[in-house]
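One letter stands for each residue in the lines below.
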Amino acid sequence: MAKLFVKSGDTVKVISGEDKGKTGKVQKAFPETGKIIVEGVAMVKKHMKPRGQGMPGGIIDKEAAIPACKVMIVCPKCGKAAKIGHKFVDGDGKASRRKVRVCKACNASIDN
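Think of each chain on its own: its residues are numbered from 1, step by step along the sequence as written. At least 70 in pLDDT is required for a residue's local features to be given in this predicted model, at least 80 for side-chain atom pairs to be given and counted, and no such filter applies to totals for whole chains, interfaces and linings, which use all residues. Side-chain measures here rest on the full set of heavy atoms in the structure, leaving out hydrogens and waters.

1. Thoughts on the overall build of the chain
For the purposes of this entry, the term helix denotes a DSSP run of H or I that reaches at least four residues, the term strand denotes a run of E that reaches at least two, and both are numbered from the N terminus. Helix and strand content of the chain: zero helices and ten strands. Along the chain, from the amino end to the carboxyl end, the secondary structure elements read β-β-β-β-β-β-β-β-β-β. Against the compact-globule benchmark of 13 Å for 112 residues, the chain has a radius of gyration of 18 Å, which places it well outside the compact range. Considering only C-alpha atoms, the chain reaches an extent of 55 × 30 × 25 Å along its principal axes. Per-residue accessibility, obtained with a 1.4 Å probe over protein chains only, is compared with the maximum for each type, and a residue is labelled buried under 20%, exposed over 50%, and partly exposed between these values. By the burial criterion, 26% of the 112 residues in the chain qualify as buried. Residue exposure ignores everything except the shown protein chains as possible cover, and the areas themselves are Shrake-Rupley values with a 1.4 Å probe. With the model as given, the accessible surface of the chain reaches about 8000 Å², and the carbon-plus-sulfur share is 52%. For this measure, only C-alpha atoms enter the radius of gyration; the expected value for a globule follows 2.2 Å times N^0.38, where N is the number of residues.

If you want it as structure tokens, here you go:
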């Protein structure tokens, strides 16, 4: 299982491919395949058959999964797409050190 550097809820910017330059929020992450779903990016048409009473069929637009390596996290402080690093932060107990993601450009914490 691969470890992803993005989590659900992160704001990311697409750095390559057809949707290069678009930004959006990560809706779902799939660590086992290394892919993510970003809202408004990689839109595909899906033909849906009517399923039951009151559920119309037709062609719907939905987001497709893209490789996580094609995006960069947007830093909440500086607002730029940036590389991320990791840092250990002490908590309020003896053994409560936790690992947080930080922006390499401005050294701000990405995790709250």
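2. Notes on the nonpolar core
What we call a nonpolar core is a set of buried Ala, Val, Leu, Ile, Met, Phe, Trp, Tyr and Cys residues that are connected through their side-chain atoms within 4.5 Å. If you look at the biggest cluster of nonpolar residues, it comprises 15 residues, and the most contacted ones within it are Val 6, Val 12, Ile 36, Ile 66 and Val 71. When checking whether two residues touch, look at their non-hydrogen atoms; a contact exists if any pair is within 4.5 Å. With residues up to four places along the chain from it excluded, the contact list for Val 6 reads Val 12, Ile 36, Ala 68, Val 71, Ile 73 and Arg 101.

3. Focus: the pattern of salt bridges
Any Lys or Arg side-chain nitrogen found within 4 Å of a carboxyl oxygen on Asp or Glu counts as a salt bridge. Per the counting criterion, the structure on display carries five salt bridges. Across the pair Lys 45 and Asp 61 runs a salt bridge, and its minimum N-O distance is 3.1 Å. Note that Lys 45 is positioned in strand β4 (residues 43-48) and Asp 61 in strand β5 (residues 58-63), a separation of 16 residues in sequence. Note on Asp 61: relative accessible area 48%, which makes it partly exposed. Put simply, Arg 101 and Asp 111 hold a salt bridge, and the shortest N to O gap is 2.8 Å. Here Asp 111 lies in the segment after β10 (98-103) and Arg 101 lies in strand β10, a separation of ten residues in the sequence.

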